[in-house]
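Listed below, chain by chain, are the residues.
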Amino acid sequence: MNEAMLIGLLAATVSAATPLLLAGLGELVAERSGVLNLGLEGLMLTGAMTAVVVTASTGSVLGGIAAAVAVTMAMGAAFAFLTVTIRADHIVTGLAIVLVGDGLSQFFGKAFVGVNLQDRLAPLAIPVLRDLPVLGPVLFRQNVLVYFSLLAVPLVWLFLYRTRPGLALRAAGERPSAVDVAGWNVVRIRYLAVIFGAGMAGLAGAFLSVGYLGSWANGMTAGQGWIALALVIFAAWHPVRLLFGAYLFGFAYIMVFQAQVLGGVFQLVSVYLMQMAPYLLALLVLMLIAARSRGRGDGTPAALAVPYVREERT
Amino acid sequence: MMRASAWALESGAFVMAVALGVVAASMVLLATGTPVYQTLAAIYSGALGSAYALQSSLVYAVPVAFTGLAACVAFRARIWNIGGEGQMVMGAFGAALVALHVPLPGPAVLPAMILSGMAFGALWAFGPAVLKVAFGVNEVLSTLMLNYVAILFVDFLVFGPWRDPAGGWPYSPPFPSAALLPALSADLNVAVVAAPVIAVLLAVLFRYTPWGYATAVLGHSHPAARYAGMRIGRLTVQVMLLSGAIAALAGIDQVAGTAGLLYHLPPGYGYFGILVSWLAGHNPLLVLVMATFYGVLLQGGDALQIAQVDPSLVRIMQGAIIIFALAGLTLARRRSLSPGAGA
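Criteria and cut-off values
- Residues numbered from 1 in each chain as written.
- Chains lettered and ligands numbered in written order.
- Predicted model: local features only at pLDDT ≥ 70, side-chain atom pairs only at ≥ 80, totals over all residues.
- UniProt positions renumbered as here; feature names shortened; annotations may be inferred.
- Helix = DSSP H or I, 4+ residues; strand = E, 2+ residues; numbered from the N terminus.
- Buried ≥ 20, exposed ≤ 12 C-beta atoms within 10 Å, placed from the backbone.
- Contact = placed C-beta atoms within 7 Å.
- Rg over C-alpha atoms; globule rule 2.2 N^0.38 Å.
- Nonpolar A, V, L, I, M, F, W, Y, C, P; charged D, E, K, R; others polar.
- Arc of directions from axis to C-beta.
- Axes fitted to C-alpha atoms, helices over the stretch in contact; angles between N-to-C directions.
- Parallel < 35°, antiparallel > 145°, perpendicular 65-115°, else oblique.
- Left-handed = near helix turned anticlockwise from the far one by under 90°.
- Core = buried A, V, L, I, M, F, W, Y, C linked by C-beta atoms within 7 Å.
- Domains from an automatic or database assignment.
- Expected span 1.5 Å × (residues − 1).

In the nomenclature of an unreviewed UniProt entry, chain B corresponds to ABC transporter permease from the organism Propylenella binzhouense. The heading Subcellular location (unreviewed entry) in the UniProt record of chain B holds the text "Cell membrane".

An unreviewed UniProt entry lists chain A under the name ABC transporter permease, with Propylenella binzhouense given as the organism. Regarding chain A, the UniProt comment filed under Subcellular location (unreviewed entry) reads as follows: "Cell membrane".

Trainee: What is the right way to look at the overall build of chain B in this model?
Mentor: Scanning chain B for helices and strands turns up 13 helices and 0 strands. Starting at the N terminus and walking to the C terminus, you meet the elements of chain B as α-α-α-α-α-α-α-α-α-α-α-α-α. C-alpha atoms of chain B, sized along the principal axes, occupy 65 × 60 × 35 Å. Relative to its full complement of 343 residues, chain B shows a buried share of 52%. Relative to all contacts within chain B whose residues are 6 or more apart in sequence, the contacts with residues 24 or more apart total 76%.

Trainee: Is there a simple way to explain the overall build of chain A in this structure?
Mentor: Within chain A one finds 13 helices and 0 strands. The order of α-helices and β-strands along chain A, N terminus first, is α-α-α-α-α-α-α-α-α-α-α-α-α. Compactness check: chain A gives a C-alpha radius of gyration of 20 Å against a globular reference of 20 Å for 314 residues, within 12% of the reference. In chain A, which comprises 314 residues, the share counted as buried stands at 49%. Intrachain contacts of chain A at a sequence separation of at least 6 include 79% that bridge at least 24 residues.

Trainee: Would you take a moment to explain the interface of chain B and chain A for this structure?
Mentor: Quoted interface sizes are often the accessible area lost when the parts come together. Each partner contributes to the interface: chain B provides 36 residues, whereas chain A provides 39 residues. For the side of chain B that touches chain A, the elements supplying multiple residues, two or more each, are α5 (106-135), α6 (139-159), α11 (269-279) and α13 (312-336) of chain B. Among the elements that make up the side of chain B that touches chain A, the one with the highest residue count is α13 of chain B (12 residues). In terms of residue class, the side of chain B that touches chain A is built from 25 nonpolar, 8 polar and 3 charged.

Trainee: How should I be thinking about helix α8 (residues 210-220) of chain B in this particular structure?
Mentor: Spacing of three or four residues puts side chains on the same side of an α-helix, whose turn is 3.6 residues. Of the positions making up α8 of chain B, those classed as buried are A214, T215 and L218 of chain B. Buried residues along α8 of chain B cover an arc of 95° about the axis, so they all sit on one side.

Trainee: How should the packing of helix α2 (residues 40-58) of chain A against helix α4 (residues 90-109) of chain A be read in this particular structure?
Mentor: Describing two packed helices takes the angle between their axes plus the distance from one axis to the other. All names here are of chain A. For the pair α2 and α4, the least separation of the axes is 7 Å and the interaxial angle reads 20°. When the axes of α2 and α4 are compared, the pair comes out roughly parallel. Of the two possible hands of crossing, α2 and α4 adopt the one that is left-handed. Of the residues in α4, those touching α2 at E41, G42, L43, L45, T46, M49, V52 and V53 are I97, V98, L99, V100, G101, D102, L104, S105, F108 and G109. Residues that form the contact of α2 with α4 fall into these classes: 11 nonpolar, 5 polar and 2 charged.

Trainee: Honestly, the nonpolar core in this entry has me stumped. Any pointers?
Mentor: The nonpolar side chains of a soluble globular protein tend to be buried with one another. Grouped together as the largest cluster of nonpolar side chains are 225 residues, with contacts concentrated most on L231 of chain A together with L69, A92, L262 and L275 of chain B. When we break this core down by domain, the ones giving at least three residues each are domain 1 (1-34 + 310-338) and domain 2 (51-308) of chain B. Residues within four places of L231 of chain A in sequence aside, it is in contact with L20, G24, L242, G245, A246 and F249 of chain A.

Trainee: I would appreciate a short explanation of the domain arrangement of chain B in the present structure.
Mentor: All names here are of chain B. If you check the domain split of chain B, you get domain 1 (1-34 + 310-338) and domain 2 (51-308). Computed over C-alpha atoms, the centres of domain 1 and domain 2 are 25 Å apart. With 8 residues of domain 1 at the contact, the number on the domain 2 side is 8 residues. Within the side of domain 1 that touches domain 2, the residues separate by chemical class into 7 nonpolar, 1 polar and no charged.

Trainee: In this structure, what is going on with α4 of chain A? I would like to understand it.
Mentor: Between its terminal C-alpha atoms α4 of chain A stretches 27 Å, which fits the 28 Å expected from 20 residues at 1.5 Å a residue. Among the 20 residues that make up α4 of chain A, 18 are buried, leaving the element largely enclosed by the rest of the structure.

Trainee: Just checking my understanding: could you explain unusual backbone geometry for this structure?
Mentor: Of all residues except glycine, most have a negative phi; of all peptide bonds, most are trans. Residue and element names in this part refer to chain A. You will see that W237, though not glycine, has its phi angle at about 60°, which is positive. Note on placement: W237 falls in the loop between α10 (224-234) and α11 (239-262). You will see that A305, though not glycine, has its phi angle at about 65°, which is positive. Locating A305 in the fold gives a position in the segment after α13 (277-292).

Trainee: Hey, could you run me through the environment of L124 of chain A in this one?
Mentor: Residue and element names in this part refer to chain A. Relative to the elements of secondary structure, L124 occurs in the loop between α4 and α5 (135-139). Under the C-beta neighbour-count criterion, L124 is labelled partly exposed, with 14 such atoms within 10 Å. The sequence separation of L124 and L145 amounts to 21 residues, and the corresponding C-alpha distance is 9.9 Å. Ignoring sequence-local partners within four residues, the contact set of L124 consists of N143 and V144.

Trainee: I would appreciate a short explanation of the packing of helix α1 (residues 3-32) of chain A against α10 of chain A in the present structure.
Mentor: Residue and element names in this part refer to chain A. Two elements in contact, α1 and α10, have axes whose closest approach is 8 Å; the angle formed by their N-to-C orientations is 55°. One element, α1, and the other, α10, form an angle in the oblique class. Classified by chirality, the crossing of α10 by α1 is right-handed. Only Q224, G225, I227, A228, L229, L231 and V232 of α10 make contact with α1, whose side of the interface consists of P19, L20, A23, G24, E27, L28 and E31. Class assignment of the residues belonging to the contact of α1 with α10 gives a composition of 9 nonpolar, 3 polar and 2 charged.

Trainee: I keep staring at the environment of L205 of chain B and nothing clicks. Help me out?
Mentor: Residue and element names in this part refer to chain B. Note on placement: L205 falls in helix α7 (residues 191-208). Using a count of 16 C-beta atoms within 10 Å as the deciding quantity, one classes L205 as partly exposed. Sequence separation between L205 and Q38 is 167 residues; the distance between their C-alpha atoms is 46 Å. Excluding residues that lie within four positions of it along the chain, L205 makes contacts with W211 and G212.

Trainee: I keep staring at the environment of V153 of chain A and nothing clicks. Help me out?
Mentor: Residues and elements named next belong to chain A. As for its placement among the helices and strands, V153 is situated in helix α6 (residues 144-162). Considering only alpha carbons, one finds V153 and L243, 90 residues apart in sequence, at a separation of 7.1 Å. In this structure, V153 is in contact with L25, P239, V240 and L243, ignoring residues within four places of it in sequence.

Okay, here's the thing in structure tokens:
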């Protein structure tokens, strides 16, 4: 393997990791506030479809991305209404969101299946940094959503661990009654966290469609929303570990893809078997995490998926 | 026993949800300039309006009933088996394995297929159960990951070694006639009778046996189950095995009844089953009712295709009905619980 191939591989890894990182960070914030949103897959699909439809109709990629975020944030608000206000079951509501997102994206995306977008999110090389050896082409000739995802990691970390609202959000996921007593509004915190998380999932979908592949296909997220959920557990609900996990899985996706392209010994293995790799890797990672944290807790927020009822405050 | 007023409240909430879901779908139709009345009429006549339409709806309802029953076994014990989809696919594989590759005397073929299918479905649930009990691995995600693995595994077979060399599609060769479930009509097979029988057996199991009681306690409160001396790990594994074996029946029905060969099963039944079970309050007899309702919706999608309207409209309708039903039934069930019983 020569240097050009290595650089190509690493740059592709960054692209493959970005949607996982975006969706995972959003989910991490929502779960830290105590809400489990299993609907990522549906939100990503809706975001991907919306971005393509709006971009193709208006010619504005940024408009498409903004629309994707707006639509998925509205779905996030609906999810929050069901789980936080009505206190419906988080798991069942999440599955319903997956179905709704799948249905909406198929229905409204139908006319755009297989259309190659004229306008996509163009790469934006960062002056000076783009000329660094290896790192330049790998990291600094990507599009703006990649930079945003990388910037979001320290920002989410700063927010969660170094600000008072961040502290309140983490506490809402651990002991909501204490947050309430301290004068914060648990319901508002959870709504905002869920809406943020849904918007990030929409952004992840938009990255896939207008930032990466340049087209829309039914079910194009192909399970990445579920992988992002597993990554949050892998990360023990910590943004920096999530960055590591997203890149590990991005690398796994690219290796599967590369193995198919390279041929040779890999041609003996069916593509269908190789495509199992990310899911088996996720399973293995979940197992290792669980085995390691046995008895010490794995960082799950104590009030995750537990509805908060003010009248039953203890 | 549920009080009559609670029944009325929940049924009312569900009917309201269906009505609102239809209104939501109509608004989408209006927005896209599709004639509303003709479209709804096409769904009705295609899924409900005739004996033939009803039979077609039941063809869809049967696998959803099996995955719904599988979900209610697990969910009432608060074990989150989201893997009905993969367990169903492995059930289809297990049945096809016997039908295509195990030489057996005629009458032994079907029983062996059903046992093999159920064993593979149970196996697919056994892994996550052991991981949960031994390591504390979250079963929501482990069962989900295995769904993808199962689907890719069957894809591998039907695109690769098991592909029928005589056909142009990624299908296995057709099953021999001894490997087909006995037909009751042109479209329906014995599975349409098996589903209610299993629902009744489950209702009896839940209601009248110590095992049913123990798993209900497990679902109500893990600490309570532990204080009562129940072996939580063992119960968890048993619940998952039963759930996986029942989900497998959905796959067996589709390959040995509806299709007569192994193929990439239409996706989603495993997840529909979870929603159906929740709508039914994890009551096996009500699962049958809700699965039939879901079958009507799925067949309605086919009817739209014939009427040349985008069938994914029905998905939006499904989604809207479920969202409204989640809100309505959550509120109705909370009202019908006595104070202090919790939400």
